[in-house]
Each structure stands twice: as C-alpha cells, then as structure tokens.
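Summary of the model geometry
Listed here are the chains, written in short residue letters.
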Amino acid sequence: MAMMRVVTGARFGLGRLRRWWLSLVLPLLAIGLALLLGAVVMLISGFSPLDAYSGLFQGAFGTLPQFAETLNEATPLLLIGLGIAVAFRAGAFNIGGVGQEYLGALAAVVVGGKFTGLPGWLHLALATAAGFVAGGLWAAPAALLKVRFGINEVITSILLNYIAIYFIDYMISGPIHAPGFTAAPTSFPVQQDATFPILVRGSDLNAGFFLALLALLVIFVLLRYTTWGYRMRLVGLNREAARHAGVHVDRVYLLSFFISGALAGLAGAIEILGYRYQLITGFAPNTGYDAIAVALLGGLNPGGVGLAALFFGALANGASAMEAIAQLPSQLADIVRTLAILAVLAVSSPVILDLVRRRQSGGKETDGSDPSVKATGADGQPPTSTETFVAE
C-alpha cells in the first residue's frame, strides 16, 4: 500500500506539472498565434504590423488614462469570465452572459434611478446588489430546466440572451424611457448618489473595478480552499462519483449557475453605475461572448481569467490607436480582434473537448470500476485536488 501511494503520488505530481505547463504555454501560444495571423492579414492588405502593434500598445498602456481605460474595458470581461469559469468548473455551460449582464444593468438603472431619500452609500449598495441578484435570477431558468427536464442549458441560455435584449429594448422605449426627446431610445439616468466615483481623470475607470478584483479573490478562495469549491469541482469532474460521495449534485449545479449569472449581472450594474449612467439599446452586444474566450484563455482559473481579461481589454482599448497611428481601417482592427478569439478557441480546444466528453459520458465510468472509489484517495479520505479522482 505504501508503494502504491508513492507511485500514485509521483503520477499525480507529474500530472500536475504537465497541467501547469500546459496552462502556461497554451495561453501564450494562443496570443502569439492571434498576433501572427493578424500580422499576415495586415501584410496582405499592405499595412505594417509593427506600426499597428506599436499603436495598439501605446493606445492600451501608453499613458495613465489609457491604461485606466484598458482596465475599465477589462472589468466586465473579468466578472463575466469568472462567472463562466465557475459554471464550467461545475460542468455547466453558461452561454447566457449577455442576457444576464443586460438584466443586471436594468435592475441597476431601476434601483439607481427611482429610489430616493436614501443615504448615498446605501443607494449605491442597493443598486449594485440589485444587478447582482437580477443576473443570477436570469440564469436560474436555464439551470432549472436542465436539472428538472434535462434540457440542454446551452440552448436555453442562448435563447434567454435574445429575450433579455428585446426586453431591454421594450423597457427603454416605454416604461423606463428618458423624459423628453432623445435621438435614440434611452432609459432615465441613475441618480448621482448611486454612482461609483471615477478613479482616474480622463478615463471611465471607476471604483467598480475594485469590486471586480474582490470577486476574483473571493472566487479563487472559494474554488481552492472551501468545501463548496471542492464539491463543485467534483461535480464537474464526475457527477456520479459526486453523488456516491454524498454531494447534492443538483444543488451544486444550481448554485454554480446562479453565481455565474450573478457575476455577469454585477458586470452590467458596474457599467451602468460606473460610467454609462443610463441604458441604451445594445450597450454591450459582444462582452458576454468575448468573456467565454477570456475564461478559456485563462484556463478556467481566476488568476488566468484576470490576465486574459487584461489582454482582451487592451485589444479593445488599443484598437482606436492602432487605426490612428498605423492608418489601419476599422475593419482590419476588428479582424485582428476576431482572430484573437478564434486562436483562443482553437488552442483551448482540449479544455472544450474535455468538458464535452464529460457531459456526453453522463458521468458513467468506462473502465468498469466503482465510481464511489474515485471519490476518495488512497487513504480513504477526500482527495486534496481535482487531479486525484483516479481509482487506486
């Protein structure tokens, strides 16, 4: 038995080292591939990649306000990406970040614009909390339909995106329409005491950024050091093993989906309360989808998601400078950004295939072993990390 533990520990050690190496190399490979493909497209189109990427870097990090704006662009990507990582870790595919972000923004506008007579800090806290809860509640139907009827949550969460978008359009055209004439339908603005203070003059970076950093820290601690995080990882790895270990699989699934949607709702609330101050049609059409690439590029780990969000924020903020300095057409700048997303998805295909394979297997073991054995380590105790769910 002692020898078995030594061999097993060595195997797990090599497995962890390999996974750590891949988690470092794959994101760098994705970014390098995206930049290379973008350079090829620019050369074919007759533009200088060096000038374009130099402009991209200057626009994203050249001055303090520009760097602050990059962080502002990264904030919703970080929050929604964290939510997607949480869901994916539990074996749930939450593709509804757009709708959850929109409902969070709507709740923040209603609470921030209509509630009166409250202390400023309380008004801001309530508006932020409303966005957080609204995003989680909007994610709940997809999870409930999956748990109760087995309906694929990818389909339902995508459909909920469209319902949310059209619902927002209806709301800003009628019930929450700004008084007076406006060139385009907009909602009434939030009150001044329900807004986050701006951190850097000349940019839209606001104190909501600190909430995003706090969310990153909380999710990291929850996933790595809490019983809930252990149960969630176990459910994502093997639902049947989780059931044999006494885990309430459906409860963990629902909670992870709610947290995923709530973080997206928080992103929408911060955008409204931080610098937009009112809702407009299609205020963030791509953020929820870009966040999927952010989560995959970050390896579904909170720290990696933070760095990936910074990279995508730099792409978004530096695009205008790239157009100005290198005289690059906006269409080419969009192509570079799209190529970055495609490169991330291509390099992250092992992660995607692994998640799909677990879902298709339905939690059943293919080696004929008892799944309950896989939920314990060599000494009969719960494994200390997700890599140890292997029969001894």
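Computed from a predicted structure; not experimentally measured. (Residues numbered from 1 in each chain as written. Predicted model: local features only at pLDDT ≥ 70, side-chain atom pairs only at ≥ 80, totals over all residues. Heavy atoms only, no water.)

**Remarks on the overall build of the protein**
So the rule is basically this: Each helix corresponds to a stretch of at least 4 residues labelled H or I by DSSP, and each strand to a stretch of at least 2 residues labelled E; elements are numbered beginning at the N terminus. Working rule for contacts: check all heavy atoms of both residues, and any pair within 4.5 Å makes them a contact. Shrake-Rupley sampling with a 1.4 Å probe provides the accessible areas, and residues are treated as covered by the protein chains on show and by no other component.
Counting its regular elements, the protein contains 14 helices and zero strands. When contacts within the protein are restricted to residue pairs at least 6 apart in sequence, long-range pairs at least 24 apart make up 75% of them. Summing over all exposed atoms, the protein offers an accessible surface of approximately 18,200 Å²; the carbon and sulfur share of this is 68%.

**Overview of the environment of Ala105**
The test is simple: For the exposure calls, accessible area comes from a 1.4 Å probe over protein chains only, and a residue counts as buried if that area is under 20% of its type's maximum, exposed if over 50%, partly exposed in between.
Within the secondary structure, Ala105 sits in helix H4 (residues 97-114). Take Ala105: its relative accessible area is 0%, and that puts it in the buried class. Residues Ala105 and Gly131, spaced 26 residues apart in sequence, show a C-alpha to C-alpha distance of 6.0 Å. Setting aside residues no more than four positions away along its own chain, Ala105 makes contact with Gly265, Gly268, Ala269, Ile272, Leu279 and Phe283.

**What to know about the packing of helix H3 (residues 64-89) against helix H10 (residues 249-276)**
To be explicit about the condition: Think of each axis as a best-fit line through the C-alpha atoms, taken over the contacting stretch in the case of a helix, with angles from 0 to 180 degrees between the N-to-C directions. Geometric relationships in this document are graded by angle, where less than 35 degrees denotes roughly parallel, more than 145 denotes roughly antiparallel, 65 to 115 denotes roughly perpendicular, and other angles denote oblique. Classification used: nonpolar for Ala, Val, Leu, Ile, Met, Phe, Trp, Tyr, Cys and Pro, charged for Asp, Glu, Lys and Arg, polar for all others including Gly.
With their axes 7 Å apart at the nearest point, H3 and H10 run at an angle of 170 degrees to one another. The orientation of H3 relative to H10 falls into the category roughly antiparallel. Across the interface between the two elements, Asn72, Thr75, Pro76, Leu79, Ile80, Leu82, Gly83, Ile84, Val86 and Ala87 from H3 touch Ser256, Ile259, Ser260, Leu263, Ala264, Leu266, Ala267, Ile270, Glu271 and Tyr275 from H10. Broken down by class, the residue content of the contact of H3 with H10 amounts to 14 nonpolar, five polar and one charged.

**Quick look at the packing of aromatic side chains**
Applied cut-off: Note on ring pairs: Phe, Tyr and Trp rings are taken, using the six-membered ring of Trp, and paired if centres are within 6.5 Å. Classes follow the plane angle, with under 30 degrees stacked, over 60 edge-to-face and the rest tilted.
Scanning the entire structure with this criterion turns up nine aromatic pairs. Ring geometry for Phe61 versus Phe67: centroids 5.9 Å apart, planes at 40 degrees, classification tilted. Counting every residue linked through ring pairs, the aromatic cluster contains Phe57, Phe61 and Phe67.

**Let's talk about a nonpolar patch on the surface**
Stated precisely, the cut-off is as follows: Patches in this entry comprise residues that are over 30% relatively accessible and not in a salt bridge; like charges within 9 Å are linked, as are nonpolar side chains (Val, Leu, Ile, Met, Phe, Trp, Tyr) within 5 Å. One side-chain nitrogen of Lys or Arg within 4 Å of one carboxyl oxygen of Asp or Glu is enough to make a salt bridge.
Among the surface-exposed residues, Leu214, Leu217, Val218, Phe220, Val221 and Tyr225 lie close enough to one another that they form a single nonpolar patch of about 550 Å² accessible area. Considering the arrangement of structural elements, one finds Val218 in helix H7 (residues 208-225).

**Considering the nonpolar core**
The following threshold applies: Among buried residues, those of type Ala, Val, Leu, Ile, Met, Phe, Trp, Tyr and Cys that are joined through side-chain atoms within 4.5 Å constitute a nonpolar core.
Counting 104 residues, the largest nonpolar core has Leu79, Leu82, Ile176, Leu273, Leu279 and Phe312 as its most contacted members. The dominant element in this core, judged by the number of residues it contributes, is H10, at 13 residues. The contacts of Leu273, once residues within four sequence positions are left out, are Ala108, Leu124, Ala127, Thr128, Val190, Ala194, Thr195 and Phe196. In this structure, Leu71, Val200, Leu205 and Phe209 belong to the second largest nonpolar core, which totals five residues.

**A word on the environment of Ala34**
With respect to the helices and strands, the residue Ala34 is situated in helix H1 (residues 2-44). In this structure Ala34 comes out as buried when scored by relative accessible area, which is 3%. Along the sequence, Ala34 and Leu339 sit 305 residues apart, while their C-alpha atoms lie 5.6 Å from each other. Setting aside residues up to four positions removed in sequence, Ala34 forms contacts with Tyr53, Leu339, Ala340 and Ala343.

**Brief notes about the side chain of Gln100**
One can find Gln100 in helix H4. Aside from chain neighbours lying at most four places away, what touches Gln100 is Asn94, Gly135, Trp138, Ala139, Ser260, Gly261, Ala264 and Gly265.

**A word on empty space enclosed by the protein**
Our working definition: Using a grid of 1 Å spacing that covers the protein atoms alone, one calls a set of points a cavity when a 1.4 Å probe fits there but cannot get out, and a pocket when the set is open and has protein on both sides within 12 Å along at least five of seven lines; lining residues are those with an atom within 4 Å of a point. Grid points are joined across faces, edges and corners, and a volume is the space filled by probe spheres set on the points.
Scanning the model with the defined rule gives one cavity of 30 Å³ or more in all. Taken as a whole, the largest cavity encloses approximately 40 Å³ of empty space. Along the walls of the largest cavity sit Asn72, Thr75, Pro76, Leu205, Asn206, Phe209, Ile270, Glu271 and Tyr275, which together make up its complete lining. Within the residue set of the lining of the largest cavity, elements represented by two or more residues are H3 and H10.

**A few points about the side chain of His123**
Summarising the element assignment, His123 is placed in helix H5 (residues 120-149). Residues in contact with His123, not counting those within four places in the same chain, are Val111, Gly112, Phe115, Leu118, Gln191, Asp193 and Ala194.

**Digging into unusual backbone geometry**
With glycine set apart, most residues show a phi of negative sign, and most peptide bonds adopt trans. Backbone geometry places Tyr277, a non-glycine residue, at a positive phi of 70 degrees. By the secondary structure assignment, Tyr277 is in the loop between H10 and helix H11 (287-297).

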